[in-house]
Amino acid sequence: MTSIQRQFNHLFMFWKWKRRVDVCLYPGAGFYCRKISSTAVEPDVTEIHKSKLFLWFSHLPQEEKQFGGYFSPDTMHVDPLILERKPEEKAGLLISPLKIQASSSHSVTVEQLFEMNEDRREDRGLNVLLYGAVGTGKSTIVRKLVLDWCAGTTLTDFKLLIPFSCEDLGELTKVASLRDLVSRKYLHLKENPLLSGEGNQAKDVLFLFNGMEKMKLDFRIGSTELCSDPNEPLPAGAVVVNLLRKYLLPEASVLVTTRLSALDRIPPKYVSHYAQICGFNDPNRQRAYFTSRLLQQSGEIVPARDAQALVELLYLNLQRESQLAAACFLPSYCWLTCATLHFLHFTDATAPIRTLTGIYTSFLRLNFGGEVLGKATAASGSSQDLQSSLMLYVVRTVGKLAYEGVTYKRTSFSEEELEQWIGGKTKTDEELRQLAVFRTDVLDFFLAPCVESCKHLPTDLCEHDERRYVFAVPAMQEYLAALYVVLGENKSALEKLTKQVSVAIGQATEDVSAIVNIFSKFIPLRIFAVFNLLKLFPRLYDKISTRNKGNIARTMAAELFRKEDSYNEDVLDQVEQSLLGVHGPPSKQQSESQPFELYPIFMGGLLHYGNRVLLQQLGCSIQSATVAQITRALRKYLVREINKPQPPEELMDLLVLLYEFQNPRLTAEVLASIRSIRLHNIRMTSLKCFVLSSVLSCAPPSLQFNSLGPDSCIFLRDLLLDSKSCVRVLQLCDNPLLDSGACLLLEALPENQSLRHLSLMHTGLGDQGAIELGERLQQHSGLQELNVAYNNIGDNAALALVDVCREHPSIHTVHLYLNPLSDVGKQSLYVRGIPKSLNGSGRRVRVLAAVTEGSDLSEDWHPILSVIRENASSWDRDRVKQQLKVFLRDLEWGRQQQQSLWKKLHFRRVEKGIRHTLHMLEKDTAPPSA
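Report follows, based on the coordinates. Note that the structure is predicted; figures quoted are calculated from it, not measured. (Residues numbered from 1 in each chain as written. Predicted model: local features only at pLDDT ≥ 70, side-chain atom pairs only at ≥ 80, totals over all residues. Heavy atoms only, no water.)

### What to know about the pattern of salt bridges
Stated formally: Salt bridges, as used here, are contacts in which a Lys or Arg side-chain nitrogen is within 4 Å of a carboxyl oxygen on Asp or Glu. Secondary structure is summarised from DSSP: a helix means a run of H or I of at least four residues, a strand means a run of E of at least two, and numbering begins at the N terminus for each. Burial classes: relative accessible area under 20% of the type maximum marks a residue as buried, over 50% as exposed, and values in between as partly exposed (1.4 Å probe, protein chains only).
Using the criterion set out here, one finds 29 salt bridges in the structure. In this structure, Glu417 and Arg468 form a salt bridge, with 4.0 Å as the shortest nitrogen-oxygen distance. Of this pair, Glu417 sits in helix α15 (residues 415-423) while Arg468 sits in strand β13 (residues 468-471), and the two are 51 residues apart along the sequence. We classify Arg468 as buried; its relative accessible area is 5%.

What follows is the structure, encoded as structure tokens:
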């Protein structure tokens, strides 16, 4: 517990001891109540106000809590550089983030701006305008200022500090007086004499209005009337204007924070001091921030010595005046750097799941959550106002620039290119206004002048020596490009036109259909054909949209397995090098062109539900249907690419993609096609081990395709006999165990009670092994599913095994297909699987032996064909084709016995699927999975 918290806890105990007691005399008779005080000492309203402010402003946003409580208000605060500006230079930015321009501006603190000087009088308070771009730390300064005032370490000349959020004030629709505005948020200040307006008591009051750009202040007399009464109801904007005019409580001081674009909303004559937040202008401030954050996280996970070495490497990179140092000029990017390093070096098995995509999404939510570009009139021409999401505007402008850069392998852009992609083709005054606000407040947050030497640029650019701009953090370009694609903003002109026409026709047909139904008896049939075509047009757009989702999945797979990037280091090492720098000679295998290997990984991470929730709060919606379409297509492309020989770096990147996606089903399906994971050239950090463990945990345990012989069953038997064994699923498919090996393995069944699913498919099991299995099953009560398909089990052994399973207390499914069973034997198995009687002791056991059950289609035809299709490429092709032909013969005979047209069509459908699989086998190609 901090000293400040202990101080307020003692204060609460003191109030509890000296509290006033309300006693009601004769409440039943309706007599009045009087107050009896246990002490003559009144509670100090100011101390109550400080305690409440301390509790409110100590609250951490969710983005800070995700790091396990390491980032807290107790962390040492590093003040950004604050320069006092003259009115004529108030809108100027620093020429270089790393060097202060020579001017009359000097560094100050917020407290110094309110000190007694020639500008301040006893009867008139000061108005201080504190401004800065996005990410410079305005909100952090406000929170630290309030907490320090509560602790009594700053602004001690003011007895009362009253903070307001201009976002809240801007949403108020009812008129209210100044005292009502204060009491609505701070009820304990309702009767405070400092706000009465009498005498000069208000000189001890400081009002703080945070985020003034979210209010429309109008200082014209004709628009905002003058008011000097704190009790007179006015619109919230009028109250703020009169406070700044010094017409309302002129003795009170006012601190306003705002962005650059809103500076001119307050006339200069109403501003006593301009102060600009300029971020961390030198590496020493940046190092102090990183030291305070990263060293506090050292402990059992990472020793303090290793954490100190991490800070030293980071500081060396900052001292080089690298691009990272220019980005960390903004404290927000210092937060992103700390969060990324925490992810890379402080991840352990006990920490909550965090992903790199989640860190970048949280970073944007922390800076742009709830931010809008003002109100724009609806396109329909109605008076309804629509809020324009600032983040969505970023995606459509900066995201488009990022996407073009990734497409053409470019990381730097000229001023003309920025004008082309960011400015675009504007038409209306509202679009021009939004563009101006965006350029002033937001553009510098994402793009910064390139500080790298000219040797990294193309020759033609060096000759012209024009200023180039790059993304502040290289990974941000790939993140925004991925977001641009996943949100569907990269649609072609045909797709955009198709969607607009589809929506218009869809709305029109709904209105027209009712009229057509009335006149249907008088309209020729040929006209109905036209309306039917109109109704089909939205379906056509759906098909085009689905195709676009497939293109997204194909792009992800293609970018992930680019041949020219095969010899680059894996993405996690690339991210670390971008933060800590490259030490030593560069790798000879390093590609000359910029690799964008995070781009497809971010695309996968953005489809995760948790990131979609955060993006929804930013006004960027990714529909679940879109995610499902991309996932289905992505699985196909990943499986196809992973079957090709891949370098270890590419396999590691695939594991990171699956980890970022956080989709266990997709992960299991992709890993099912991998025989081995070779990571011999990978520098395995604790994070990479965690990623590997997390991804592999999604796949079911399997020992198939390992050429295990009969002798290996001795070790498997000992494993199952271990008292600590908790093996629930044992898959030994496609291993030549034979009857001898199976019998050794089955010796463990009587004493093992953990096994639930046992698969001995394609293990060379014969009649003797099946009979031995049936005898052992009677002594094992926990097994639920048994797979002995594709073996050499005949009719008699199969019937005996099914009889045992029917009497077993828990087995519900037995796989027996692809065994040499006769037609009579398969029919007998079906009969044996049903209960003996409706009220007998027998149970229904699913016996998967064929796609037909007599003259009917088996209800289990689909799982049988699914297993065959998934494994046909590794099985004996001739035997599989022979079995498929038997299935076709059974289906043809069963279809001929049917009288129902619907059942015949169902038979045809199954036949078509089998013929397709058989055709692909005959072409010696692997059939697709079901």
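Text resumes after the structure shown.
### A few points about the environment of Leu187
Tracing the backbone through its elements, the reader meets Leu187 in the loop between α7 (178-185) and β6 (205-210). Relative accessible area serves as the criterion here: at 62%, Leu187 is assigned to the exposed category. Residues Leu187 and His49 lie 138 residues apart in sequence; the distance between their C-alpha atoms is 9.5 Å.

### Section: the sheet that holds strand β14 (residues 729-731)
Heads up, the rule is: Should DSSP find at least two bridges between two strands, the strands are regarded as paired. Axes, fitted as lines to C-alpha atoms, cover a helix only where it is in contact. Angles between the N-to-C directions of the axes lie from 0 to 180 degrees.
With parallel pairing, five strands are arranged side by side in an open sheet as β14-β15-β16-β17-β18. The open sheet has two free edges, formed respectively by β14 and β18 (846-848), since each of these has just one partner strand. Along the sheet, successive strands turn relative to each other by an average axial angle of 5°, direction set aside. Sheet topology places strand β17 (residues 813-815) next to β18; three bridges connect them, and they run parallel. The residue of β18 that forms the bridge with Val814 is Val847.

### A word on the packing of helix α35 (residues 877-897) against helix α36 (residues 901-922)
This is how the line gets drawn: Here is the rule for angles: anything less than 35 degrees is roughly parallel, anything more than 145 is roughly antiparallel, 65 through 115 is roughly perpendicular, and the remaining ranges are oblique. Definitions for this section: a left-handed crossing has its near helix turned counterclockwise from the far helix by less than a right angle. A right-handed crossing has that turn clockwise. Residues are treated as being in contact if the distance between any of their heavy atoms lies within 4.5 Å. Under the convention adopted here, Pro, Cys and the residues Ala, Val, Leu, Ile, Met, Phe, Trp and Tyr are nonpolar, Asp, Glu, Lys and Arg are charged, and Gly plus all remaining residues are polar.
At their nearest, the axes of α35 and α36 sit 10 Å apart, and the two run at 160° to each other. Of the possible angle classes, the one that applies to α35 and α36 is roughly antiparallel. In this structure, the crossing between α35 and α36 has a hand that is left-handed. Only Lys904, Phe907, Arg908, Val910, Glu911, Ile914, Arg915, Thr917, Leu918, Leu921 and Glu922 of α36 make contact with α35, whose side of the interface consists of Arg877, Val880, Lys881, Leu884, Lys885, Phe887, Leu888, Leu891, Glu892, Gly894 and Arg895. Among the residues forming the contact of α35 with α36, the class breakdown is 10 nonpolar, two polar and 10 charged.

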